[in-house]
Amino acid sequence: MTTITKLESKVKELSKLLGALKELNAAIDLQDISQGILDQMVMISEAKGALLWVLEKEKNLIVAKASYGIPIDSLPKQTLSDGEGIVGKVMMTGKAELITDTESVIDSSVAYPSLATTILTVPLQAKGQVLGAIQLMDKENGSHFDTRDRELAVILAEQSALAMYNSQMYDELYKMFVSMIRMLAEALDARDPLTKGHSERVARYAWLIGKRMKLDDQMCFELYQAAILHDIGKIGIEDRILRKSTGLTESEYELMKTHTEIGARILSAIQPNRFFQKSIDTAMLHHERMDGSGYPKQLKGEEIPLFARIVGVADAFDAMTTDRTYSEGMSVRDAAAELIRCKGSLFDTDIVDIFIEILENCSYDLRLFPNTDDM
Ligand SMILES: [Fe+2]
């Protein structure tokens, strides 16, 4: 190979590598990232088959997450214990392993030992942690992997592992974020056993309204979050009022109404604020009514933000259909009739119509009400 051709092929390799990295860093979903990493690795190494293994820290297992040219369910083993096989060894030492004589190696983690003649296994490690490994099997053109392939694969694996690390961090943060929201709602339930489960049900109704209005997934998630937290301010209402089993006096009712402002204040404390702005507004404004008769700001019509209008309908419906110590809940049909009677004056007409459609679809039987499992 002349120096120019060598240089040209190096430039080609590098530009492929750069393209691969750009694509990887744009993805955030862990499964997308795993498959993306593997596809890029295959493209660069020109491997015939490939596997991506991920360490599941909590279970202490190494799991096959993505594959190329070999269906994962056809593997003799899709899960390895920590330290098992070549994959386990590479993950333990953090060093790539190139095997050119597979017949001499019996390894449970190799998919098709009899078919693969060379196997290149590289670790995926970032920030001092081993996250997994990639195995490349045989070259497309029939030649063997060499040390040049190993070098290239190691560089790409290092960069890929960073993308994977970021995605895992994002995943963990997201889970923490969702559980924090649930924890706040549970804290309210614990203070107010009379309305236990109210926040979760309102959130479910609101989310279904959002879905039917064709709000996008992100908006539906934010709506669910805002709805589950809508009454969080009740945490700040005294027990003698919050837990009162008979009707409230006028002054007690005035105090109860302050849960809207208290809720907005509590949620304003969460940083970064912009993630919670819609929840803050919903906590503050879910008792506003279309004709301006609500509280605390007496907003009218579309001055009331969309989420607060949706939660207003869901909240009123749940309040009407839930048994209280001092009153039995209305039937679903009666509550639906009440929403229809008050649409336009108290509630947003379109939102009521959408909610009634949802109720009709489950024949007014809340046990058949669609759930939010696909959230
Ligand atoms: Fe409320």
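Calculation criteria
Residues numbered from 1 in each chain as written. Predicted model: local features only at pLDDT ≥ 70, side-chain atom pairs only at ≥ 80, totals over all residues. Heavy atoms only, no water. Helix = DSSP H or I, 4+ residues; strand = E, 2+ residues; numbered from the N terminus. Buried < 20%, exposed > 50% of the residue type's maximum accessible area, 1.4 Å probe, protein only. Phe/Tyr/Trp six-rings, centres within 6.5 Å; stacked < 30°, edge-to-face > 60°. Lys NZ or Arg CZ within 6 Å of the ring centre and 35° of its normal. Pairing = 2+ DSSP bridges. Axes fitted to C-alpha atoms, helices over the stretch in contact; angles between N-to-C directions. Contact = heavy atoms within 4.5 Å. Donors = N, O, S within 2.8 Å, 3.2 Å for Na, K, Ca; no water. Tetrahedral: all angles 85-135°; square planar, octahedral: opposite > 155°, others 65-115°. Arc of directions from axis to C-beta. 1 Å grid on protein atoms, 1.4 Å probe; cavity = no way out; pocket = protein on both sides within 12 Å on 5 of 7 lines; lining within 4 Å. Points joined across faces, edges and corners; volume = space filled by probe spheres on them. Nonpolar A, V, L, I, M, F, W, Y, C, P; charged D, E, K, R; others polar.

Quick question: what am I supposed to make of the overall build of the protein chain here?
Each helix and strand in the protein chain was counted, giving 13 helices and six strands. Expressed as a percentage of its 375 residues, the buried residues of the protein chain come to 46%.

Is there a simple way to think about the packing of aromatic side chains in this case?
Aromatic ring pairs are defined here through the distance separating the ring centres and the angle between the ring planes. Applying the stated rule across the entire model yields seven aromatic pairs. Aromatic pair phenylalanine 317 and phenylalanine 355: ring centres 4.9 Å apart, planes at 75°, arrangement edge-to-face. Within this pair, whereas phenylalanine 317 is found in helix α11 (residues 306–321), its partner phenylalanine 355 is found in helix α13 (residues 349–361), the two being separated by 38 residues in sequence. Among the residues examined, phenylalanine 317 registers a relative accessible area of 0% and is labelled buried. Residue class for phenylalanine 355 comes out buried when judged on its relative accessible area of 0%. Over the aromatic face of tyrosine 295 sits the side chain of lysine 257, whose NZ or CZ is 5.2 Å from the ring centroid. Lying across the ring of phenylalanine 275, arginine 274 places its NZ or CZ 4.7 Å from the centre.

What should I look at first to understand the sheet that holds strand β6 (residues 129–139) in this one?
Pairing between the strands of a sheet is mediated by backbone hydrogen bonds and can be parallel or antiparallel. Taken together, six strands build an open sheet; the order of strands is β3-β2-β1-β6-β5-β4 and the sheet is antiparallel. Only two strands of the sheet have a single neighbouring strand rather than two, namely β3 (79–81) and β4 (97–99). Mean inter-strand twist for the sheet, computed between neighbouring axes without regard to direction, equals 20°. Sheet topology note: the strand β5 (residues 119–126)/β6 ladder contains eight bridges and is antiparallel. If you follow alanine 126 over to β6, its bridge partner there is glutamine 129. Across the sheet, helix α4 (residues 147–191) lies against β1 (47–56), β4, β5 and β6, angled at about 35° from β5, the strand it touches most.

Can you walk me through the coordination of the iron ion in this structure?
When a metal holds four donors in a tetrahedron, each ideal angle between them is 109.5 degrees; when it holds six in an octahedron, the ideal angles are 90 or 180 degrees. Those donors, Asp231 (OD), His259 (NE2), His286 (NE2) and His287 (NE2), are the protein atoms that reach the iron ion, and they lie 2.1 to 2.4 Å from it. One can describe the donor arrangement at the iron ion as irregular, given that its four donor atoms subtend angles of 84 to 172° at the metal. All donors of the iron ion belong to a single chain; written as a sequence motif, their spacing is D-x27-H-x26-H-H. Of this pair, aspartate 231 sits in the loop between α6 (217–228) and α7 (239–242) while histidine 287 sits in the loop between α10 (277–285) and α11; the two residues are 56 residues apart in sequence, bridging distant segments of the chain. Under the relative-accessibility criterion, aspartate 231 is labelled buried at 3%. A relative accessible area of 15% means that histidine 287 is categorised as buried.

Which parts of the structure should I look at to understand helix α12 (residues 332–341)?
Each α-helix turn comprises 3.6 residues. Residues three or four places apart therefore point the same way. Residues Val332, Ala335, Ala336 and Leu339 constitute the buried set of α12. Seen from one end, α12 has its buried residues packed into an arc of 100°, which puts them on one side. Projecting away from the buried face of α12 at angles above 90 degrees are the exposed residues Arg333 and Arg341. The inward-facing, buried residues of α12 abut α11 and α13.

Which parts of the structure should I look at to understand the environment of alanine 116?
Secondary-structure assignment places alanine 116 in the loop between β4 and β5. The class of alanine 116 is buried, set by a relative accessible area of 4%.

Would you explain empty space enclosed by the protein in this entry?
In this approach, a probe sized like a water molecule rolls over the atoms, and the result shows the empty space that is left. Counted according to the given criterion, the structure contains three cavities of 30 Å³ or more. The computed volume of the largest cavity comes to approximately 50 Å³. Lining the largest cavity, in full, are Glu288, Arg289, Met290, Ile304, Ala308, Arg309, Gly312, Val313, Leu346, Phe347 and Asp348. Of the residues contributing to the lining of the largest cavity, the split by class is six nonpolar, one polar and four charged.

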